[in-house]
Amino acid sequence: MTTSSNAVKLPSNGEGLTAAALDELAQRLAPAMAKHLVNCIDVGNAPFQKGNDPTMKINRTITINGIKRWIRANTEQEYADKLIELYAASTQQAATQQHDFSEYAHTWFEVYANPSIEKATATTYKRQITRYLIPHFGGMAVEEITVDDVQRLFNDISGTKATKDKVKIVLNMILDAAVEDRLLDRNPLKSKRLKITGGASKATEPYTQEEMRYMARNLDKIVDASDRMYFALLAFHPLRLEEVLGLKWADIDVEAGIIHVRRAVTHPDRNRPEIKDTKTAASVRDIGLSAIALPQLVPGKPDEFVCGGSNPLSYTQVRRMNDRIGKQLEFDGAITPRRFRTTVLTDLYDRTKDIKLAQSAAGHTTPTMCLKRYVKGRNNSPRAATAAVDAVYSA
């Protein structure tokens, strides 16, 4: 290195100047080169000049990690050496920058998930992040997460397999984003070593036919007329609770005996109702109006909700109404909306053996969901199957 009265001694690693020395040298030379570059440098450019000769033959810019830098050299080989060194230094700097998992997960949720999904789904996603992911990964950087860390997360979660699967869905999307951002080489959730186990979710059992007959006979015990209308629509039709709450009087054709399912009312915040589209396109359907329910209906204005009038019912109102109805019916069990849908679909299929009819009435996209989750079967006697076969072969 040429010395002068202003020369400084820069640290070396034995093979050349260190990165720190190069940075210091670039800073010292930048002012001297300002006049030479005044007509070609952009605002924000960071000069990278490791030569002290302003007449170098090669004078080029290169952009690395969004930052434009100047490289000056006498030969292509010298230019290549400087380029490699600059890139290595930038890569090393980027590698040392880590991303807090909590901040990264919240950013993913607010920027990518929340704006593009239903409010109820967003609430579920956020619950997984705050209840499970942040407590487990909160003190870690995204870059530090390994397969072992992910396995420990699921080992620590108690509950059913369905609970763990909800957590897995959200974590998988966050880690996929981290791979795309090059914070991770591979998503740890893709590892074949992972074992995510848990107990089975409790099946929704249908009410017995005796219980349903009892409730049908005792509807007059329900004191309030609006409670009776709600219960008659809920208990004797294959409707989701959100579909019952979304019905307006314009949707009920009493003369034709048809219910038009066109909207839903949910409670993603556990109280304030939200009017939305039906769960799926297949959920928009017409179903028959039960003869048991018909006498309980007192039509109102077409644009009013059957349950609630001018405004749909809140979560608290629905919960209290179910409790009130159970007490007035003097019913031993709980009034559980989901069980009525399961019961009606079970008996519909048991009577008709037509799975496509049950699928259509349920508003399911495929018959698989109907069979897997809702049709439970009434005749579970050990002798039932044998008796059916014997009846065929003995004819």
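Residues numbered from 1 in each chain as written. Predicted model: local features only at pLDDT ≥ 70, side-chain atom pairs only at ≥ 80, totals over all residues. Heavy atoms only, no water.

(A) Representation of helix H4 (residues 119–137). Taking 1.5 Å as the rise per residue, H4 with 19 residues should run 27 Å; its terminal C-alpha atoms sit 25 Å apart, in good agreement. Of all the bends in H4, the greatest measures close to 35° and is centred on Ile129. Among all positions of H4, only Ala122, Tyr125, Gln128, Ile129, Tyr132, Leu133, Ile134 and Phe137 are buried. On its buried face, H4 sits against helix H3 (101–113), helix H5 (147–156) and helix H6 (161–180). (Helix = DSSP H or I, 4+ residues; strand = E, 2+ residues; numbered from the N terminus. Expected span 1.5 Å × (residues − 1). Bend = angle between axes of the 7 residues up to and from the residue. Buried < 20%, exposed > 50% of the residue type's maximum accessible area, 1.4 Å probe, protein only. Contact = heavy atoms within 4.5 Å.)

(B) Region of interest: a positive patch on the surface. Together, Arg127, Arg131, Lys166 and Arg270 give the surface a local cluster of positive charge. The residue Lys166 is located in helix H6 in this model. The class of Lys166 is partly exposed, set by a relative accessible area of 47%. (Patch = residues over 30% accessible without salt bridge, like charges linked within 9 Å, V, L, I, M, F, W, Y side chains within 5 Å. Areas by Shrake-Rupley, 256 points an atom, 1.4 Å probe, with all protein chains shown as cover. Salt bridge = Lys/Arg side-chain N within 4 Å of Asp/Glu carboxyl O. Lys, Arg positive; Asp, Glu negative; His and termini not counted. Charge placed at Lys NZ, Arg CZ, Asp CG, Glu CD.)

(C) Local environment of H6. For H6, spanning 20 residues, the distance from its first C-alpha to its last is 28 Å, which sits close to the expected 28 Å at 1.5 Å a residue. Turning to H6, its buried residues number three or more, namely Lys164, Val167, Val170, Leu171, Ile174, Leu175, Ala177 and Ala178. Down the axis of H6, the buried set is contained in an arc of 150°. They therefore lie on one face. In this structure, the buried residues of H6 make contact with H3, H4 and H5. At the C-terminal side of H6, Arg182 shows a positive phi close to 65°. (Arc of directions from axis to C-beta.)

(D) Layout of the environment of Met369. Relative to the elements of secondary structure, Met369 occurs in helix H13 (residues 367–374). Remark: the alpha-carbon pair of Met369 and Gln359, spanning 10 residues in sequence, is separated by 8.3 Å.

(E) The arrangement of the layout of surface pockets in detail. As a volume, the second largest pocket reaches approximately 480 Å³. As for the second largest pocket, its lining consists of 15 residues, and the residues nearest its centre are Gln209, Val344, Asp347, Leu348 and Arg351. Listed by contribution, the elements that provide at least two residues to the lining of the second largest pocket are helix H7 (209–217) and helix H11 (337–352). The biggest single contributor to the lining of the second largest pocket is H11, with 7 residues. The class makeup of the residues in the lining of the second largest pocket is 7 nonpolar, 4 polar and 4 charged. (1 Å grid on protein atoms, 1.4 Å probe; cavity = no way out; pocket = protein on both sides within 12 Å on 5 of 7 lines; lining within 4 Å. Points joined across faces, edges and corners; volume = space filled by probe spheres on them. Nonpolar A, V, L, I, M, F, W, Y, C, P; charged D, E, K, R; others polar.)

(F) View of the pattern of salt bridges. With the rule as written, the count across this model stands at 18 salt bridges. Residues Glu78 and Lys82 are paired through a salt bridge, measuring 3.2 Å at the closest nitrogen-oxygen approach. Of this pair, Glu78 and Lys82 both sit in helix H2 (residues 76–96), separated by 4 residues, roughly a single helical turn. Taking the shortest distance from any N to any O, the salt bridge between Arg378 and Asp347 comes out at 2.6 Å. In this pair, Arg378 is assigned in the loop between H13 and helix H14 (384–393) and Asp347 in helix H11, connecting sequence segments 31 residues apart. We classify Arg378 as partly exposed; its relative accessible area is 24%. Note on Asp347: relative accessible area 22%, which makes it partly exposed. Through salt bridges with shared partners, a single ionic network connects Lys119, Asp269 and Arg272.

(G) Layout of unusual backbone geometry. For Arg182, which is not glycine, the phi dihedral falls at a positive 65°. Located in the positive-phi region is Lys353, a residue other than glycine, with phi close to 60°. Relative to the elements of secondary structure, Lys353 occurs in the loop between H11 and helix H12 (355–362).

(H) Molecular detail of the sheet that holds strand S5 (residues 258–261). What the 3 strands build is an open sheet, ordered S4-S5-S8; its pairing is antiparallel. Since the sheet does not close on itself, it has two edges, and those belong to strand S4 (252–253) and strand S8 (285–288), each with one partner. As defined by bridge partners, S4 adjoins S5 across 2 bridges and the pair is classed as antiparallel. Bridge pairing in S5 links Ile252 to Ile259. (Pairing = 2+ DSSP bridges.)

(I) Broad picture of the packing of H3 against H4. With their axes 10 Å apart at the nearest point, H3 and H4 run at an angle of 170° to one another. The orientation of H3 with respect to H4, classified from their angle, is roughly antiparallel. Contacts from Phe101, Ser102, Ala105, His106, Trp108, Phe109 and Ala113 of H3 reach H4 at Ala122, Tyr125, Lys126, Ile129, Thr130, Leu133, Ile134 and Phe137. Of the residues belonging to the contact of H3 with H4, the class tally is 11 nonpolar, 3 polar and 1 charged. (Axes fitted to C-alpha atoms, helices over the stretch in contact; angles between N-to-C directions. Parallel < 35°, antiparallel > 145°, perpendicular 65-115°, else oblique.)

(J) Region of the structure containing the packing of aromatic side chains. Going through the model one piece at a time under the given rule, you end up with 6 aromatic pairs. Seen in terms of ring centroids, Phe101 and Phe137 are 5.1 Å apart; in terms of plane orientation they differ by 55°. Their pairing is tilted. Taken together, the residues span a long stretch of sequence, with Phe101 in helix H3 and Phe137 in helix H4 at a distance of 36 residues. Residues Phe231 and Phe236 carry aromatic rings whose centres are separated by 6.4 Å and whose planes lie at 85° to one another, so their mutual orientation is edge-to-face. Assigned by exposure class, Phe231 and Phe236 land together as buried. Taken together through their ring pairs, the aromatic side chains of Tyr207, Phe231, Phe236, Phe331 and Phe340 make up a single cluster. Between the NZ or CZ atom of Arg60 and the centre of the ring of Tyr79, over which it lies, the distance is 4.7 Å. (Phe/Tyr/Trp six-rings, centres within 6.5 Å; stacked < 30°, edge-to-face > 60°. Lys NZ or Arg CZ within 6 Å of the ring centre and 35° of its normal.)

It is worth stressing that arrangement in space is one thing and function is another; only the former is reported here.
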